[in-house]
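Report on the structure
Listed here are the chains, written in short residue letters.
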Amino acid sequence: MGRRNCPKTGLGHPCRALTPPMITLGPRAAAGLRGQRNHQPPMTELLANRLWEAALGQLQIQVPRPTFDTWLKETVGLTIDEDRLVVGAPTAFAAEWLGKRMPTLIEETVEHVARRPLEVQFLVHQPQPLEPWQSPLEATASAAARPPVGAPSGTDRRQATALCSRFTFDSFVVGKSNELAHAAAQAAATQPVGVYNPLFIYAGVGLGKTHLLHAIGHAAVHRDLSCLYVSAEQFTNDFISAIRERTTPDFRARYRGVQLLVIDDIQFLGGKEQTQEVFFHTFNDLHNAGKQIVIAADRPPRSLATLHARLNSRFEGGLIADIQPPDLETRLAILRAKATLAHVRVDGEVLEFIARTVQTNVRELEGSLNRVVALAQLTRSPITTELAGRALADLLLARRLTTPHPEHILAVVAEYCQVPASSITGPSRDRKTVAARHLCMYLLREDAEMSLQQIGGLLGGRNHATVVHGIRKVTQTMASSHDMREAILTLREAVHTDLRKSA
Ligand code: ADP
Ligand code: MG
């Protein structure tokens, strides 16, 4: 790649501080792409896949979650050429919907990632047993994965969801942030139904809920248990069709005839009284018959305000496990695992750079790695930290723009804890105030990335050791207290939501 000096900084590469990286297909690379159609997996597939993964990472932030989950989540990048990216959707309906309803947003996002305009075309694509980034080991695993035993057969396949072959327990990296959810998921899939029924897993977006639910499905299928995995949205659609087509007895039989029912994104039932009612009865019947139920949501049961209290108390009756954003060590382990799966060698230093840049969402972490690798492949450059910096330039910029202001954190915590902000920064040693101060210290460090000294200064001139103690106190309490984890989740949501509103 030719190097020009930046006209502004005089440094060895063009100044790209505020612009996303340019991915251009040089004639050599393009010829390479065209020439590799017969190889396994073709380069075009890998590139299309990575480019689309990166675009999905951005689309996920831009479109409402139900829209993303329904239409975009199951799509895959298939091939790419000079001016067109072909994306596979699981059904003709989804392909048509995406082509008609979102072309501008999608093409703008793809252009943003690829830094050149590309027409995006949607086709129906049934997942192949061997995905381009799969290792032979994974391929063996996916070949063994039959469709869920409890899945409907014959013509009635509306709500059948194939389990994603990549989402297994083997490919799930366990760290402090997800060990409880992981252990509980394994138990739910392999042990006799017991205290973990229902198992309720909650976490923010992109933290591995769906991955764990699919892993449960794989493990159950492996043990010849009939298992049905559906999203709450599919459950709703299925129920609506059953009413319309007068097939509610089939609907009942289908959902009640399984040994394990796995329902994703239960928050989708919020406000849908009739579907909730049906779900409640399905739940009770299965539960009474000693069948395992696993549920995932984006928040804890008691925060699912629009779900009927009856349902919430049912959920509270089992085991509730959350997944927190992964710590640096886990993020690194995840990146290492993903790089190995993709058969790309990436230096530890580069992985650490990515892990430090992307902190809260594993999907985004994966998308970032894909993006770095895609830029390196498209420009035929080695994967260095400098290249990773360019590939993630807009992410870095977005992070700067979305880092909450310290005063804002202070105000949010003050309101949450019902203590005046002036007390938090003042001398008071009242218990409630001290607790609020500790929360501030934690969030200022984690979310505003301030130094210990800066935090001490903002909070009324407190010294380094006091700040360390405050942060440690919150971290330790989080390890053992559900309430503390929930408080942090709520506060983070408030801190970042307000930020988006004011952006
Ligand atoms: P959610 O359902 O919570 O929004 P997903 O389960 O869809 O998130 O995860 C998003 C992506 O991140 C998936 O590709 C998944 O494989 C990956 N992922 C999340 N957590 C882990 C983990 N602990 N180990 C490996 N991959 C993970
Ligand atoms: Mg999910």
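Residues numbered from 1 in each chain as written. Chains lettered and ligands numbered in written order. Predicted model: local features only at pLDDT ≥ 70, side-chain atom pairs only at ≥ 80, totals over all residues. Heavy atoms only, no water.

Some points on the pairing of strand E1 (residues 76–80)
Regular strands place their side chains on alternate faces of the sheet. One ladder, built from four bridges, connects E1 with strand E2 (residues 84–89); its direction is antiparallel. What sits directly across from Gly77, in E2, is Val87. Hairpin geometry of E1 and E2 is characterised by an intervening segment of three residues between the two adjacent antiparallel strands. (Pairing = 2+ DSSP bridges. Helix = DSSP H or I, 4+ residues; strand = E, 2+ residues; numbered from the N terminus.)

Considerations on the coordination of the magnesium ion (ligand 2)
At 2.0 to 2.7 Å from the magnesium ion (ligand 2) lie its protein donor atoms, namely Lys73 (NZ) and Thr210 (OG1). Here Lys73 is found in the loop between helix H3 (65–72) and E1, whereas its partner Thr210 is found in helix H8 (residues 209–222), with 137 residues between them in sequence. Here Lys73 and Thr210 have matching classes, each one buried. (Donors = N, O, S within 2.8 Å, 3.2 Å for Na, K, Ca; no water. Buried < 20%, exposed > 50% of the residue type's maximum accessible area, 1.4 Å probe, protein only.)

Some points on the packing of aromatic side chains
Any pair of aromatic rings gets described here by the distance separating the centres and the angle formed by the planes. Inspection of the entire model under this criterion finds ten aromatic pairs. Between Trp52 and Phe122 the ring centres are 6.1 Å apart and the planes differ by 75°, which places this aromatic pair in the edge-to-face class. Remark: Phe122 occurs in strand E3 (residues 119–124) and Trp52 occurs in helix H2 (residues 43–62); sequence separation between them is 70 residues. Classification of Phe122 by relative accessible area gives buried; the value is 13%. (Phe/Tyr/Trp six-rings, centres within 6.5 Å; stacked < 30°, edge-to-face > 60°.)

What to know about the environment of Thr210
A residue is classified by how much of its surface remains accessible, and Thr210, at 12% relative accessible area, is buried. Once residues within four sequence positions are removed from consideration, Thr210 is found in contact with Lys73, Phe167, Tyr229 and Asp264. (Contact = heavy atoms within 4.5 Å.)

Section: the packing of helix H7 (residues 179–190) against H8
With their axes 9 Å apart at the nearest point, H7 and H8 run at an angle of 30° to one another. The pairing of H7 with H8 is recorded here as roughly parallel in orientation. For the pair H7 and H8, the sense of crossing is right-handed. In this structure, H7 contributes Ala181, His182, Ala185 and Ala189 to the contact, and H8 contributes Leu212, Ile216, Ala219 and Ala220. (Axes fitted to C-alpha atoms, helices over the stretch in contact; angles between N-to-C directions. Parallel < 35°, antiparallel > 145°, perpendicular 65-115°, else oblique. Left-handed = near helix turned anticlockwise from the far one by under 90°.)

Some details on H8
Helix length check: H8 (14 residues) gives 20 Å between terminal C-alpha atoms against 20 Å at 1.5 Å per residue, within 8%. Of all 14 residues in H8, 13 are buried; the element is thus mostly enclosed. A positive phi of about 60° marks Asp224, the residue just after H8. (Expected span 1.5 Å × (residues − 1).)

Focus on the site of ligand 1
Lining the immediate environment of ligand 1, one finds 18 residues, of which Val173, Gly206, Thr210, His211 and Glu366 sit closest. With respect to ligand 1, the side chain of His211 contributes an N or O atom lying 2.7 Å from an oxygen atom. Starting from 560 Å² of accessible surface for ligand 1 in isolation, the protein chains cover 96%. Going through the elements one at a time, H8, helix H13 (328–341) and helix H15 (362–379) are the ones with two or more residues in the shell around ligand 1. (Near = heavy atom within 4 Å. Polar contact = N/O pair within 3.5 Å; in protein donor to acceptor, adjacent residues only side chain to side chain. Areas by Shrake-Rupley, 256 points an atom, 1.4 Å probe, with all protein chains shown as cover.)

A word on H3
When H3 is considered as a whole, its buried residues turn out to be Thr67, Phe68, Trp71 and Leu72. Along the long axis of H3, the arc covered by the buried residues comes to 100°, so they all point the same way. (Arc of directions from axis to C-beta.)

Examining the pattern of salt bridges
A side chain with one charge may pair with a side chain of the opposite charge, provided their charged atoms come close. A full pass over the atoms with the stated rule returns 15 salt bridges. A salt bridge links Glu96 to Lys100; the nearest nitrogen and oxygen atoms lie 2.9 Å apart. Here Lys100 and Glu96 lie together in helix H4 (residues 92–101), a separation of four residues that amounts to about one turn. Using a relative accessible area of 61% as the deciding quantity, one classes Lys100 as exposed. Asp298 serves as the salt-bridge partner of Arg299, at 2.8 Å between the closest nitrogen and oxygen. What makes Arg299 partly exposed here is its relative accessible area of 33%. For Asp298, a relative accessible area of 11% translates into the label buried. Members of the salt-bridge network, linked through shared partners, are Arg166, Lys338 and Glu366. (Salt bridge = Lys/Arg side-chain N within 4 Å of Asp/Glu carboxyl O.)

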